[in-house]
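# Fold and contact review
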Amino acid sequence: MRYVVIMAGGSGTRLWPLSRKGTPKQLLKIVNGTSLLRLAFERALRLVPAERVVVVTGASYLDAVRDDLPELPEQNLLGEPIGRDSLNACAWPAAVLADRDPEAVIAQLTADQIIEPVDAFAASLDRAFALAEDQPDALVTLGVVPTEPHTGYGYLERGQPVPGFGDACVVTEFKEKPSLDVATDYVASGRYWWNAGMFVWRAASFLEEVRLLEPQTHAAITELAAEPGRLEEIFPALRKVSVDYAIMEPVSHGRGAGRVLSVGLPISWRDVGGFASLAEIVATDADGNAVEGLAVTVDAQHNLVFNAAGPGHLVGVAGISGAVVVVTPDATLVTTLDDAEKVKSLVGRIAESAPSFA
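Nothing here was measured: the structure is a model prediction, and the numbers come from that model.

What follows deals with the overall build of the protein chain. Along the backbone of the protein chain there are eleven helices and 17 strands. Its C-alpha atoms give the protein chain a radius of gyration of 21 Å, within 12% of the compact-globule value 21 Å for 358 residues. When its C-alpha atoms are laid out on the principal axes, the protein chain stretches across 60 × 50 × 35 Å. Looking at the protein chain residue by residue over its 358 residues, the buried ones come to 52%. Sequence separation of 24 or more characterises 66% of the internal contacts of the protein chain that already satisfy a separation of 6 or more. For the protein chain, the accessible area works out to roughly 15500 Å², and carbon and sulfur atoms hold 51% of it.

Once that is clear, we can look at helix α4 (residues 118–134). With 17 residues, α4 should reach 24 Å at 1.5 Å per residue; the first-to-last C-alpha distance of 24 Å fits that figure. Every buried residue belonging to α4 is among Phe-121, Ala-122, Ser-124, Leu-125, Ala-128, Phe-129, Leu-131 and Ala-132, and all of these are buried.

As a further point, take the sheet that holds strand β12 (residues 290–292). What links the strands of a sheet is backbone hydrogen bonding, and the strands pair in either a parallel or an antiparallel sense. The strand order across the open sheet formed by four strands is β12-β14-β16-β17, and the pairing between neighbours is mixed. The open sheet has two edge strands, β12 and β17 (332–336), and neither has a second partner. Direction aside, the axes of adjacent strands within the sheet are offset by 5° on average. Here three bridges tie β12 to strand β14 (residues 304–307), and the two strands are oriented parallel to one another.

By the alternation rule, side chains of strand β3 (residues 77–80) split into Leu-77 and Gly-79 and Leu-78 and Glu-80, which are all buried. Between strand β2 (residues 53–58) and its parallel partner β3, the chain crosses via helix α2 (residues 62–68), and the hand of that crossover is right-handed.

This brings us to a nonpolar patch on the surface. Among the surface-exposed residues, Leu-294, Val-296, Val-298 and Leu-314 lie close enough to one another that they form a single nonpolar patch of about 370 Å² accessible area. With respect to the helices and strands, Val-296 occurs in strand β13 (residues 295–298).

A word on the packing of helix α3 (residues 85–100) against helix α9 (residues 243–252). Helix packing for two helices is described by the angle between their axes and how far apart those axes are. At a closest axis distance of 6 Å, the pairing of α3 and α9 adopts a crossing angle of 70°. In terms of axis orientation, α3 runs roughly perpendicular to α9. Note on element contacts: α9 touches α3 through Val-243, Ala-246 and Ile-247, opposite Ser-86, Leu-87 and Cys-90. Across the contact of α3 with α9, the residue classes tally to five nonpolar, one polar and no charged.

What follows concerns the side chain of Gln-108. Along the chain, the position of Gln-108 falls in strand β4 (residues 105–110). There is a polar contact of 3.0 Å between the side chain of Gln-108 and the backbone oxygen of Ala-89. When sequence neighbours within four positions are dropped, the list of residues in contact with Gln-108 reads Val-5, Met-7, Ala-89, Cys-90, Pro-93, Gly-197, Met-198, Phe-199 and Trp-201.

Counting 50 residues, the largest nonpolar core has Ile-6, Met-198, Val-200 and Trp-269 as the members making the most contacts within it. Of the residues forming this core, the biggest block, six residues, is contributed by α4. Counting 44 residues, the second largest nonpolar core, distinct from the first, contains Val-5, Leu-87, Val-171 and Leu-213.

Turning to its location among the elements, Tyr-155 is positioned in strand β7 (residues 155–161). Residue Tyr-155 is classed as buried on the basis of its relative accessible area, which comes to 0%. Linking Tyr-155 and Glu-173, residues 18 residues apart in sequence, is a C-alpha distance of 8.4 Å. At 2.6 Å, the side chain of Tyr-155 and the backbone oxygen of His-150 are in polar contact.

Trp-16 connects to Pro-17 through a cis peptide bond whose omega is 10°. Looking at the element boundaries, Pro-17 is found in the loop between β1 (2–8) and α1 (36–44). Residue Pro-117 follows Glu-116 across a cis peptide bond; omega there is -5°. Its location among the elements puts Pro-117 in the loop between β5 (113–116) and α4. With a phi angle near 70°, Asp-85 is a residue other than glycine that sits in the positive phi range. Within the fold, Asp-85 resides in helix α3. Although it is not a glycine, His-302 sits at a positive phi angle of roughly 55°. Residue classification places His-302 among the exposed positions, given a relative accessible area of 53%.

The rules behind the values
- Residues numbered from 1 in each chain as written.
- Predicted model: local features only at pLDDT ≥ 70, side-chain atom pairs only at ≥ 80, totals over all residues.
- Heavy atoms only, no water.
- Helix = DSSP H or I, 4+ residues; strand = E, 2+ residues; numbered from the N terminus.
- Rg over C-alpha atoms; globule rule 2.2 N^0.38 Å.
- Buried < 20%, exposed > 50% of the residue type's maximum accessible area, 1.4 Å probe, protein only.
- Contact = heavy atoms within 4.5 Å.
- Areas by Shrake-Rupley, 256 points an atom, 1.4 Å probe, with all protein chains shown as cover.
- Expected span 1.5 Å × (residues − 1).
- Pairing = 2+ DSSP bridges.
- Axes fitted to C-alpha atoms, helices over the stretch in contact; angles between N-to-C directions.
- Right-handed = clockwise from strand over helix to strand, strands pointing away.
- Patch = residues over 30% accessible without salt bridge, like charges linked within 9 Å, V, L, I, M, F, W, Y side chains within 5 Å.
- Salt bridge = Lys/Arg side-chain N within 4 Å of Asp/Glu carboxyl O.
- Parallel < 35°, antiparallel > 145°, perpendicular 65-115°, else oblique.
- Nonpolar A, V, L, I, M, F, W, Y, C, P; charged D, E, K, R; others polar.
- Polar contact = N/O pair within 3.5 Å; in protein donor to acceptor, adjacent residues only side chain to side chain.
- Core = buried A, V, L, I, M, F, W, Y, C linked by side-chain atoms within 4.5 Å.

Listed below in structure tokens is the structure:
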């Protein structure tokens, strides 16, 4: 039976002050009044009913997720007491679902992306499900068909095709975020897709790879699935590591027992990781300013102005370009689009000097 697991545990520090400890980016209603998590949940419902959707999030976000997804069954909400990276956000729900249904096939999706058109995404995901069902040893990673030589994404190198499944192929290499020249070569070659960080696999097959490559993690999450009351004891002790580094890359190099395959996503895909990407999804005015909320601009071009201060508060911007101005009821951020990645470091400083605002 098919299931969808949505990873929704990130804090989104690069979107401060919109995102805070209690309101991570995936719960911000920044897309026409809808959260990124809600959008991910609605995409999942294209393929499975709500009772077969599982959300993995931070324990401190559980109440907010319940409010955002009232259709989600309580037993399908897994709260991590501490973040332990993506391997454990994959392995824990896989163990839980394998215990419920030994034949479970899982689509492991993310909650911080804008994906359009949804119909094309659903069609590709259905093909990835079919591939994992047909080939039990397959770990299927979803690859976005690139539209430009983007330097902010990792890449998948495509190998031999998998007959009978459209553009499906073997993955021969995971590539880190490249320089512009290298990314340009990747896209021109036609052999590379962007690494979307989303996967489809049989729960039993994925857990077998975890057993072979990360045996301590496998033993721990097996215990946790059998004894969920030990969550606070077991989960914080898990090794903190990404699923790409621990499982997908080694398997693509012939370690483990499976194969890494990929299915293409012919979609528009934005990972909303910071203000530069947020500026791409906010409506722009005639001067190229991305404006959300009540704001007035004069002689200002290509800025992001996000007014979340509430009713009765106006933001004015004059004579600047390429700036980020974000206003909330209790904090204001001013930076540039070019320096927006420094917000993460800023939040670290704020956590030390003014922790109530972090």
